[in-house]
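# Examining the three-dimensional arrangement
Chain residues, written in single-letter form:
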Amino acid sequence: MTAISHSRQSAPRLASALLVARGPLVGALAYLIGAESAFLVGTLSDQIFAPFWPPNVILFGALLLAPTSRWWLYILAALPAHVIAELHVGMAPLPMAVAFATNCAIALISAFAVRRLVAEAPRLGTLKKAAIYVLVTALVSPAVVALGGAFVPILGGAEGNYLIAWTQWFLSNSLGFLTLGPIFLTWFGESPRAWSMFSTARWVEAAVIAATLVVVSALAFHLAAGTVEVGFMPALLYAPLPLILWAALRFGEKGASGAILVVTVVLLSLALNHSSLFVASDPERNVVALQIFLIALAVPVLLLGATIDEVRRAEAATRESETRMQFAAASANIGLWSFERASGRVWATAHCRSLLGLAPDAPLSREIMLQSMHPDDRDAAVEAMRSAAYAGEDVTHEFRLLLPDGGVRWVRVRARADRDDTGAPFRVSGVFIDITSVKVAEQEADMQRRELAHLMRVSVMGELSGAMAHELNQPLTAILSNAEATRLLLARPSPDLAEIGDAVGDIVQESRRAGDVIARLRSLLKKDARPPEQIDLNALTRSSLDLLHSELIARRFRAELRLAPDLPPAFGDAVQLQQVVLNLVMNAMDAMAATPLPQRTITIDTRLLGAGALEVGVLDRGPGLGRTAQARAFEPFFTTKPEGLGLGLSICSTIVGAHGGQLALVNDPDGGARASFSLPVRHMAVAAK
Ligand code: ADP
């Protein structure tokens, strides 16, 4: 291997090693700066013990950011920083080692516990998470680690007992984790986006609060210091509280932790470097008292900040989900509304207003809503919505809205009652769904269905035309011969008036017969929609057979009628139902085209089925349905006839379905097939609109 290739390979290795070392090195530097700033804030009389000790929290923060597998690197890098800082204040090697071990221990325990217990950012985002953080890092872990840390001053030869040393270690670490820890977690633990959302005005406000806090804390200290014997006013120490609360309320946990840090640094540095606050000339006890005061202040303020963040986040989430829901509803052409029954207040989404034809921010009241309904539909719609208040389930109803431009919009309303604790409905809320396009499509489909049915009728007429011509021919021939006979009678010298009268009577009768045939044809060929009416199915069957009369004779079929007496009426479009009967009888004739003459009987019956339904059946003695025809006879364009269209049964089934009934075609056990359709007795739903 050449020297060049060796250096080429080692360059990336060096770069990646530097990358790995970067975190621990930055951590170590921060550790050193933290220690130096602690000494800047102040130490106790032994010049070694700093009551506010940031390095542990800095190490904790660095460990939180680093993968667990590299924690040892961070600890290793912090060692020289620790030695430099402690040598600076002249600490002996043994206490220095114990101090480092305890510092590492508290950082490790806290980082491990926080990672485990409050795994997800924001780590101080809820009251529960903040409480866990306080409990672990400001109570349990400093209490445990102080058991070792308390040896540091004793090993250093300082006087004093173990309990006091433990208290000092406990308090300074607890305070550190209450002031700097939250700063680390909230200021650096979130995405940079959280900061970029801060406007300049917010930054200015934060700076003003911080500066005012410094001034107020310092003033409070100076006014209270040394006045224990001569009118000490503890209330003065609470002077910064309104500012702290302001910071917490406006900036949540960020503001709360920042404010606590400012007050802690100011009060502690003044207590360590200036006059005694509580007890004259005893800095140790003064500082302990101040630490306890600051810890007692920090805990509720941090919990408050976290609660405020939690509430704000919940509010934002609610707002967001509401916006999303409204967006989704608007995209689906759905308007949301609610109506407070006691106050009469109406709430509606912007899209709901636009469905009603109102401006998005137009005022809305019950009256305005009622006014936008089509006058013909208003009463039924109001009744439906009112019934929603008392119905145990959702109520749906369809009605028209009359738009300001004169247009009409179809909506389906779905409403439900919101009930209070006593079960009384206090609000009706629901949705308006725009179904105009569905209605238009339905109307179009209906029209097409009618067109098709009409075309089929015309085609049936085409098939019947030969027989019809023949049927018309009979009365016309009779009329002609009677007319000629009349002329001959009139030509006689003494015409027999009685005979002439008979001939003219015959002419009238035959003309009526011909007129009836034409009237039946015309009604069948009519295209217009007719209002639904009561239908006597027996009469309908008879008149259908009248139409088929000549065809039956021409094709040499016999029709046998078995009509149930006293049949209740059906309801619907007589022409369409007649078309069904015609179709079924013509299918029966087609099926029996090859049947020997003696068996060529078509039996048509009507009957009352149970459950208020009527049935018309057409029975033939043809070959019956093959397997394919059984499965597919109702499919459009399915036919087994050389000249068939395959539309008859499909159209008949649509017609019967629209009348609320059902069409069936089955093989008869005695041979042949039986086609039948059922209809409800006086079915009110207007089938043939
Ligand atoms: P088309 O009469 O033009 O064939 P239809 O929809 O009326 O159309 O009938 C579809 C098919 O159903 C027929 O081609 C035939 O095969 C079968 N079918 C209908 N009625 C009967 C019947 N009474 N007996 C046997 N097969 C029938």
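Since the structure is predicted, the reported quantities are computational estimates derived from the model, not experimental observations. (Residues numbered from 1 in each chain as written. Predicted model: local features only at pLDDT ≥ 70, side-chain atom pairs only at ≥ 80, totals over all residues. Heavy atoms only, no water.)

## So, the overall build of the chain
To be explicit about the condition: Going along the chain from the N terminus, every DSSP run of H or I of four or more residues is numbered as a helix, and every run of E of two or more is numbered as a strand. The cut-offs for exposure are 20% and 50% of the maximum accessible area for each residue type, with area from a 1.4 Å probe on protein chains only; residues under the lower value are buried, those over the upper are exposed, and the others partly exposed. Working rule for contacts: check all heavy atoms of both residues, and any pair within 4.5 Å makes them a contact.
Per the secondary structure count, the chain includes 20 helices and twelve strands. Its C-alpha atoms put the chain at 165 × 80 × 50 Å along the principal axes. Within the chain, buried positions represent 44% of all 689 residues. At a minimum sequence separation of 6, the contacts of the chain that also span at least 24 residues come to 67%.

## Section: unusual backbone geometry
Trans is the common state for peptide bonds, and a negative phi is the common state for residues other than glycine. A121 connects to P122 through a cis peptide bond whose omega is -5 degrees. Despite not being glycine, N333 has its phi angle at roughly 60 degrees, a positive value. With respect to the helices and strands, the residue N333 is situated in the loop between α11 (283–331) and β1 (334–340). You will see that R556, though not glycine, has its phi angle at about 65 degrees, which is positive. You can see R556 is positioned in the loop between α17 (537–554) and β7 (558–563).

## Some points on helix α9 (residues 200–224)
Rules: Expected span of a helix, by definition, is 1.5 Å for each gap between consecutive residues, and there is one gap fewer than residues.
Here α9 spans 36 Å end to end across 25 residues, near enough to the 36 Å set by a 1.5 Å rise per residue. Within the span of α9, buried status applies to E205, I209, L213, S217, A218, A220, F221 and A224. Check the buried side of α9 and you find it contacts α10 (241–273). Just downstream of α9, G226 is the residue with a positive phi angle, here 70 degrees.

## A word on the packing of aromatic side chains
The description of an aromatic ring pair rests on the distance of the ring centres and on the angle between the ring planes. Definition in use: Pairing of aromatic rings covers Phe, Tyr and the six-membered ring of Trp, with a centre-to-centre limit of 6.5 Å; geometry is then stacked below 30 degrees between planes, edge-to-face above 60, and tilted otherwise.
Inspection of every chain in the model, using the stated rule, returns eight aromatic pairs. A ring pair is formed by W166 and F170, whose centres lie 5.2 Å apart and whose planes are at 0 degrees; its orientation type is stacked. Placement of the pair is W166 and F170 together in helix α7 (residues 162–188), with a separation of four residues, close to one helical turn. The exposure class of W166 is partly exposed, given its relative accessible area of 21%. Residue class for F170 comes out buried when judged on its relative accessible area of 12%.

## With respect to the site of the ligand
Applicable threshold: Put simply, a residue is near a molecule or strand once any heavy atom of it comes within 4 Å of that molecule or strand. Side-chain atoms alone can form a polar contact between residues adjacent in sequence; in general such a contact is a pair of N or O atoms within 3.5 Å, and within protein one must be able to donate a hydrogen while the other accepts it. Per-residue accessibility takes into account occlusion by the displayed protein chains alone, with areas from the Shrake-Rupley method and a 1.4 Å probe.
Every one of the 18 residues lining the ligand counts as a neighbour, but T639, T640, K641, G646 and L649 are closest to it. Note that a nitrogen atom of the ligand is positioned 2.9 Å from one of the side-chain N or O atoms of D620. Contact between the ligand and K641: an oxygen atom at 2.6 Å from a side-chain N or O atom of the residue. Here the ligand loses 92% of its free accessible area of 530 Å² to cover by the protein chains.

## Quick word on the sheet that holds strand β3 (residues 395–402)
Keep this limit in mind: The pairing criterion for strands is at least two bridges between them, as found by DSSP. The convention used is that axes are lines fitted to C-alpha atoms, helices contributing only their stretch in contact, and that angles between N-to-C directions extend from 0 to 180 degrees.
Taken together, the five strands give an open sheet; going across it, the order is β2-β1-β5-β4-β3, and neighbouring strands pair in antiparallel fashion. On the outer flanks of this sheet lie β2 (346–348) and β3, each paired with one strand and no other. Across this sheet, the average inter-strand angle for adjacent strands is 25 degrees, counted without regard to direction. The pairing of strand β4 (residues 408–419) with strand β5 (residues 425–434) spans nine bridges and is classified as antiparallel. What sits directly across from R414, in β5, is V431. Its contacts with the sheet put helix α14 (residues 375–390) on β1, β3, β4 and β5, and the angle it makes with β3 is roughly 150 degrees.

## Examining the confidence of the model for the chain
Applied cut-off: What pLDDT expresses is the predictor's confidence in each residue, scored from 0 to 100.
Across the chain, the average pLDDT comes to 87, with 93% of residues at or above 70. Note that residues 683–689 has pLDDT below 50 and, in this model, 15 contacts with residues that lie over four places away or in other chains.

## Structural notes on the pattern of salt bridges
Put simply, the rule reads: We define a salt bridge as a contact between a side-chain nitrogen of Lys or Arg and a carboxyl oxygen of Asp or Glu at a distance within 4 Å.
One pass over the full model with this rule turns up 23 salt bridges. When the shortest N-O distance is used, the salt bridge between R414 and D394 registers 3.4 Å. Of the two residues, R414 sits in strand β4 while D394 sits in the loop between α14 and β3, which places them 20 residues apart along the sequence. We classify D394 as partly exposed; its relative accessible area is 32%. Linking E398 and K439 is a salt bridge whose minimum nitrogen-to-oxygen distance equals 2.9 Å. Highlighted residues: E398 in strand β3 and K439 in helix α15 (residues 436–491), separated in sequence by 41 residues. When salt bridges with common partners are traced through the structure, they connect E398, R412, K439 and E442 into a single cluster.

## A word on the environment of L14
Looking at where L14 falls in the secondary structure, it is placed in helix α1 (residues 3–41). Given a relative accessible area of 55%, L14 falls into the exposed group. In the structure, L14 is positioned 162 residues away from G176 in sequence and 37 Å away in space, judged by C-alpha atoms.

## Comments concerning a nonpolar patch on the surface
Basically, it comes down to this: Only residues whose relative accessible area exceeds 30% and that form no salt bridge enter a patch; like-charged residues are grouped when within 9 Å of one another, and nonpolar side chains (Val, Leu, Ile, Met, Phe, Trp, Tyr) when within 5 Å.
On the surface, a cluster of nonpolar side chains totalling about 870 Å² of accessible area is made up of L94, L135, L139, V140, V144, L147, F151, I154, L155 and Y162. Among the elements of the structure, α5 (127–149) and α6 (151–155) are those that each provide at least two residues to the nonpolar patch. Counting through the fold element by element, L94 comes out in helix α4 (residues 93–117). Since its relative accessible area comes to 54%, L94 is described here as exposed.

## Concerning the pairing of β3
As defined by bridge partners, β3 adjoins β4 across eight bridges and the pair is classed as antiparallel. Among the inter-strand pairings, R400 is bridged to a residue of β4, identified as W410. Between β3 and β4, which follow one another and run antiparallel, lie five residues, and G406 among them has a positive phi close to 90 degrees.

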